[in-house]
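# A look at the structure
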Amino acid sequence: MKTKFLALMVATLLSATANALPEDREKPIHVSADSASIDERTGRTVYVGDVKITQGTLLIEADRVEMERGKEGVELVTAYGNQAHFRQKPDTDKPYTDAWGDTIIYKVEKEHLTLQKNAKVISDKDTFTGSRILYNLKTSVVDAYSDGKDGSSGRVEMIIQPKKDKDAQ
């Protein structure tokens, strides 16, 4: 029973990502960790130890991952680690988007990431860093903040590449 519940939770989590490649949802889901604890009553699952969740191009890597399930399936995924990692390829002709943070909060239905402490997003060739980054996967809007409270310089850094004119090439 626990295996079916776990598979259902992970399937719901990964299939809810509307911005992922459509063929990702048709691929098998792989979850690996050193241990897993499933509470069917509360809908909470905790994975610990070198956690890796993949489905097609979607990837979550962390030391610890907590999933919370609501009426519609997995609603919240929180990944912890010394640079937890989220990766997704939004479309076949687009490069991967990578996001890191010591804590990553993924609101599945809203397709929204909150990256906390040592936050970084690389989207195409643009890079955003700060203490905290809010990243909307649907709209590709990045809001970066740096409060200096975590020992950082109190600055947000961005590297934005110029758009290349296709006619000039």
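Residues numbered from 1 in each chain as written. Predicted model: local features only at pLDDT ≥ 70, side-chain atom pairs only at ≥ 80, totals over all residues. Heavy atoms only, no water.

## Structural notes on the pairing of strand β4 (residues 58-70)
In plain terms, the rule: Two strands are counted as paired when DSSP detects at least two bridges linking them. Helix and strand definitions follow DSSP, with helices as H or I runs of at least four residues and strands as E runs of at least two, each counted in order from the N terminus.
Bridge count between strand β3 (residues 44-55) and β4: ten bridges; the pairing is antiparallel. Directly across from R44, in β4, lies its bridge partner E68. Here β4 hands over to strand β5 (residues 73-88) after two residues, the two strands then running antiparallel side by side.

## Quick word on the nonpolar core
Inclusion rule: Note on terminology: a nonpolar core comprises buried Ala, Val, Leu, Ile, Met, Phe, Trp, Tyr and Cys residues joined through side-chain atoms within 4.5 Å. Note on classification: 1.4 Å probe, protein chains only; a residue is buried when its accessible area is under 20% of the maximum for its type, exposed when over 50%, partly exposed between these limits. Throughout, a residue-residue contact means that at least one pair of heavy atoms, one from each residue, lies within 4.5 Å.
In terms of nonpolar packing, the biggest core is built from 26 residues, with V65, V77, F86, L113 and L115 touching the most fellow members. When contributions to this core are tallied by element, the ones reaching two or more residues are β3, β4, β5, β6 (97-107), β7 (112-123) and β8 (126-136). Those residues in contact with L113, other than ones at most four positions away along the chain, are F86, A99, I104, I105, Y106, I133, L134, Y135 and L137.

## With respect to the pairing of strand β2 (residues 35-39)
Two faces belong to every sheet, and in a regular strand the side chains alternate between them. One ladder, built from five bridges, connects β2 with β3; its direction is antiparallel. Along β3, the bridge assignment pairs S37 with V46.

## What about the environment of D143?
Among the structural elements, D143 can be located in strand β9 (residues 141-145). Taking the C-alpha atoms as reference points, D143 and I133, ten residues apart in sequence, are found 5.6 Å from one another.

## Focus on unusual backbone geometry
Even without being glycine, K117 reaches a positive phi, approximately 60°. Here K117 is to be found in strand β7. Owing to a relative accessible area of 43%, K117 belongs among the partly exposed residues under this scheme. One non-glycine residue with positive phi stands out, namely D124, at about 60°. Tracing the sequence through the fold places D124 in the loop between β7 and β8.

## Some words on the side chain of T114
In this structure, T114 sits in strand β7. A relative accessible area of 11% places T114 in the buried class. Not counting residues up to four positions away in its chain, the partners in contact with T114 are T103, I104, I105, R132, I133 and L134.

## Brief notes about the environment of A144
For A144, the position within the fold is in strand β9. Residue class for A144 comes out buried when judged on its relative accessible area of 19%. As a C-alpha pair, A144 and R155 span eleven residues in sequence and 9.5 Å in three-dimensional space. Once residues within four sequence positions are removed from consideration, A144 is found in contact with T129, R132, I133 and V156.

## Details of the packing of aromatic side chains
The geometry of an aromatic ring pair comes down to the distance between the two centres and the angle between the two planes. Heads up, the condition is: Within 6.5 Å between ring centres, the rings of Phe, Tyr and Trp (the latter by its six-membered ring) count as paired, and their orientation is classed by plane angle as stacked under 30 degrees, edge-to-face over 60, tilted in between. Either the NZ atom of lysine or the CZ atom of arginine qualifies as a charge over a ring when it sits within 6 Å of the ring centre and within 35 degrees of the ring normal.
Applying the stated criterion across every chain, the model contains one aromatic pair. Each ring, one from F86 and one from Y106, has its centre 5.2 Å from the other, and the planes form 65°; the classification is edge-to-face. Taken together, the residues F86 in strand β5 and Y106 in strand β6 connect sequence positions 20 residues apart. Assigned by exposure class, F86 and Y106 land together as buried. Sitting over the face of the ring of W100, K120 holds its NZ or CZ atom 5.9 Å from the ring centroid.

## What to know about the confidence of the model for the protein chain
Regions with low pLDDT carry predicted coordinates that are not meant to be interpreted in detail. Put simply, the rule reads: Every residue is assigned a pLDDT by the predictor, reflecting its confidence on a scale from 0 to 100.
For the protein chain, per-residue confidence averages 79 on the pLDDT scale, and 76% of positions sit at 70 or higher. Across the protein chain, β2 holds the top mean pLDDT of 95, while helix α1 (residues 2-15) sits lowest at 37. Here residues 1-19 scores under 50 on pLDDT; set against residues more than four positions off or in separate chains, the count is 54 contacts.

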